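Per-entry structural report
Take a look at the letters that make up each chain.
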Amino acid sequence: MSRKVPLADGETSRTACAPGLLRTGVDEKTGEVLTGALLAQRVGWCVDLVSGMADVLLAEHQNTADLDVLACGRDAGGRKLPSNAWMALRRLGWVVAPPEGVKVNDRIVRMAQETAGRTLRSAKWRADLTVGVLTTWPADPARRTPREWDAVREAVPGGRFLPSSVIKSRTRQVATFVRKHRRLPADVFEMEPLPRIARMLLLSACDGQQASIERPAEPGRALLRLQLPTRPDPASYKDWTWVACPITLAPTVPAGAVLHLPTLRIHQGKVRADLAYTHAVPQTRRSGHTVALGVDWGLNTLLSAGAARLDDDGRITGLGSGAQFRAAGVVAKQHRLRRLSEYLHVKADRYRRLIAENEQDPLIAKHRVLTDEIRHVWDRRSNLNDALARAAARWTVDQAIAAGASVIYLEDLRSMEAKGMGRTMNTRLSQQVRGQIVDRMRHLAAEVGIAVVIVPAHNTSKHCPQCLTPLRHRKAPDRPTATGWTWAICPDRSGSGWQGDRDQGAWRRIAARGLTHQATTVTDRASGAMVIRSVVQEAESKAVITATAKTSRNDRSKTGPTRHRSTRPAPRRRRAPSPASPTGPAGKRPEGHAPTGRNRLPRAAHRYQDVTTTSTPTTGRHRPRGAALGAGFHLHAHASPPRWETIPETPSDSRSPSCSETLDPSTGHGSCVPSQACRTDGPPWTGRAHTAATGGWGPPSRDEVLYGFGRRPDVRRLGSTLRVPALTSSKSSMSSPYRS
């Protein structure tokens, strides 16, 4: 199988990852079909061997000297170290052997070296950051001066563009160590214990002698073959056998994608596979964009986005009024789960202090239950964050596709620290899933050739998008004197006079800033992300949205409070049209919003209350008359007032379910011929006798007048079963507004 993807003009290769699940396998030596539990057991034995050797490597080389040797990129002979971690460790002579009496092939050792090498390389960055913070330790760790900030950024590698929140978090970690030990730590390894090795199999470090993957003729399927032990401590190569595992590919994997060996991990007793694949995608551009989508972050309104266009003359105009992605319900649920998690942690810590070292304490069982519940709540929070990130990223990319944008500009909030807005609001702002949303947004946008660029967030919500005048923020548009942060008003009324939602103005500023600074876009070498590092004053002066001509002659700006409207308006117009002439005054609902002609219910509705009369108690300001008093029903449809006079019936209104109807073509009316069975017995809900002279039933009862039973003799309710007779004519059945 070729590992190269054929590319056309304007395309580039991209490697992504899709989840998979190993449900079963076949032992090729014995032909035994392995269930999911048995397959997870054998994979777990292999994972234990790999993680055990990786722990040994990590314990030997987790120090500053060895990390410097690995990070310098040169071996003892001056040759450049390979990019693969396992090859670099072997070049340096950092080898490891399996436990005594255990026989493994060299590919298992490779996976252990690859796992340990990746962990050591990531620890190098943390070590350099800690050294930079320690060498420039400030006089007041809680508040650095501008000179101290410049010093720490110079001491940290890449500190010029490093978010300040990263430096602050490392400073707080060192300050906690100082309060406990009354001295500064020597390095990061004195503050942090040995990292925990992830229990997984990096099959990418292996070759065909340990694992292989191929794509059969059947679409959407793949076959993974790998060697697994038949016992936890294999003593010889005979204890290793080949196992074939079919994998169902995710729908996101293209048919022409090239598959790579996955990473296997065990989660909740199942073998999960992170399958990497490479496919062709449209190539993105750093500059040359004319239509861009600006995206602003919020809290309840998580995302506010809108499109802007750069014209040939250099003017920037907004396309539409923008849109918002509101996630108030999800954010509130996240807040509730966070509070529950904090409560469980406090309770578990108290149990731990009470238990101390007493292994027979009865609180041990309760502490175990609390630990399981904490893990369950954490899983719920993680799943909720993943779902929110996927939905928000998908919504943003869809907005860009609909607007025809070739780039998405996002503000950089990595250094944002929520403060000054109360404990609850600060916590909710700090725990947003912005990082996950950006990662998924980049993934989805790359599939359609849309670039995602991070722009500086300085003054995006402070200045007017049309004239760059500092805005005045108010609580609401109808409260121009109440200080707040929701509504923004430009004080330059003689100029643009713009006013609107704060987030709506922010996405306009972000889109305009990105379009004017697109020539300064760079690609980060470490992450591959596109970013605009700083704001250029000359380009910033052109980052204004040109106001478009108003489509309305009258100014519709907010000048006062919104007129109150009822939350439950009158019922809508019925689907079936009303008859040409009413057949009776009772039992019919008014068509549409027509008045009933009676302002209040008759006194009879208060006097005569039957045992079968239902009443609907209501709360709040909406209290429908009649339904609350028991004189009608209320299912979001108001019944017309009852009348107590006897209503004469017509032949067309008094059909029996057992009657047959014949339609007269000349008159358009039907004639009912009653059967022998219906001449003696009346309907079961009235007990009336059939009148042969008139071809109908007797006078309607009071309940029929109130609830309209006399208006639908073609529908009969027996117990909980609704029975509708089959009629020859459909005209009379459609005329009933109660038809189910």
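See the structure printed just above.
1. Let's talk about the pattern of salt bridges
If you walk through the whole model with that rule in mind, you get 29 salt bridges. Notably, a salt bridge pairs R14 with E447, separated by 2.8 Å at the nearest N-O pair. A residue pair is termed long-range when its members are at least 10 positions apart, and R14 in strand β1 (residues 11–22) and E447 in helix α11 (residues 434–447) qualify at 433 residues. Assessed through its relative accessible area of 16%, R14 is described here as buried. Between E540 and R509 there is a salt bridge whose closest N-O contact spans 2.8 Å. Highlighted residues: E540 in helix α13 (residues 537–540) and R509 in helix α12 (residues 502–516), separated in sequence by 31 residues. Owing to a relative accessible area of 8%, E540 belongs among the buried residues under this scheme. Taken together, the shared-partner salt bridges connect R90, D106, R107, R110 and D207 into one network.

2. Things to note about the pairing of strand β5 (residues 211–214)
Burial along β5 is one-sided: A211 and I213 are buried, and none of S212 and E214, which face the opposite way, are. When β5 meets strand β6 (residues 221–229), the two strands line up antiparallel, connected through four bridges. Within the sheet, the bridge partner assigned to E214 lies in β6 and is L223. In textbook terms, the turn of a hairpin is the stretch between consecutive antiparallel strands, and for β5 and β6 this stretch comprises six residues, one of which, G220, has a positive phi near 75 degrees.

3. A look at the nonpolar core
Counting residues in hydrophobic clusters, the biggest one holds 64 residues, and the most contacted among them are L39, L201, L224 and L264. Top element by residues in this core is helix α1 (residues 36–61). It accounts for 11 residues. With residues near it in sequence (within four places) discarded, L264 still touches L22, M200, L201, L203, L224, L226, V271, R272 and A273. Listed in part, the 32 residues of the second largest apolar core include L302, L388, A392 and I454.

4. Things to note about the pairing of strand β7 (residues 240–248)
Note: strand β2 (residues 25–27) against β7, two bridges, orientation antiparallel. Counted as the bridge partner of D27 is V243 from β7. One ladder, built from nine bridges, connects β6 with β7; its direction is antiparallel. Counted as the bridge partner of R221 is T248 from β7.

What counts, and where the lines are drawn
- Residues numbered from 1 in each chain as written.
- Predicted model: local features only at pLDDT ≥ 70, side-chain atom pairs only at ≥ 80, totals over all residues.
- Heavy atoms only, no water.
- Salt bridge = Lys/Arg side-chain N within 4 Å of Asp/Glu carboxyl O.
- Helix = DSSP H or I, 4+ residues; strand = E, 2+ residues; numbered from the N terminus.
- Buried < 20%, exposed > 50% of the residue type's maximum accessible area, 1.4 Å probe, protein only.
- Pairing = 2+ DSSP bridges.
- Core = buried A, V, L, I, M, F, W, Y, C linked by side-chain atoms within 4.5 Å.
- Contact = heavy atoms within 4.5 Å.

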